[in-house]
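A look at the structure
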Amino acid sequence: MSAMRDELHALVDRLPDDRVQPVLALVRENLETAGRRERALAVMERVQERMRGVTGVDEELDRLREGARG
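This one's a predicted model, so the numbers in the text were calculated from it and none came from an experiment.

1. A closer look at the overall build of the protein chain
Helix and strand counts for the protein chain stand at 3 helices and 0 strands. Listing every helix and strand of the protein chain by position from the N terminus yields α-α-α. Relative to its length of 70 residues, the protein chain is extended, with a C-alpha radius of gyration of 19 Å against a globular reference of 11 Å. Projected onto its principal axes, the C-alpha coordinates of the protein chain cover approximately 60 × 25 × 20 Å. Looking at the 70 residues of the protein chain, the share that counts as buried comes to 9%. Summing over all exposed atoms, the protein chain offers an accessible surface of approximately 6200 Å²; the carbon and sulfur share of this is 56%.

Structure follows, in structure tokens:
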């Protein structure tokens with residue numbers, strides 16, 4: 001286990017039970033968001049590959065991809 005995971009584990013162990021649920025909710029939300037972003041980027045890459053050569057598509061997809069980061 002990495003040092004950060006060890007620290008997280010130790011900190012969670014120190015929390016009272018009623019404070020663990022909000023931490024779990026935060027972690028679960030983060031995992032769901034990361035998964036959605038990965039799936040969305042994969043779809044965008046497939047669209048970009050299928051639309052290769054169509055004027056403006058690559059630029060528009062790049063613009064959308066960059067906008068999602070900001």
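2. What to know about helix 2 (residues 17-50)
Counted at 1.5 Å a residue, the expected span for helix 2 with its 34 residues is 50 Å, and the 51 Å between its end C-alpha atoms agrees. Among all positions of helix 2, only Gly 35, Met 44 and Gln 48 are buried.

Thresholds, definitions, all that
- Residues numbered from 1 in each chain as written.
- Predicted model: local features only at pLDDT ≥ 70, side-chain atom pairs only at ≥ 80, totals over all residues.
- Heavy atoms only, no water.
- Helix = DSSP H or I, 4+ residues; strand = E, 2+ residues; numbered from the N terminus.
- Rg over C-alpha atoms; globule rule 2.2 N^0.38 Å.
- Buried < 20%, exposed > 50% of the residue type's maximum accessible area, 1.4 Å probe, protein only.
- Areas by Shrake-Rupley, 256 points an atom, 1.4 Å probe, with all protein chains shown as cover.
- Expected span 1.5 Å × (residues − 1).

Function cannot be inferred from these measures alone, as they are strictly geometric.
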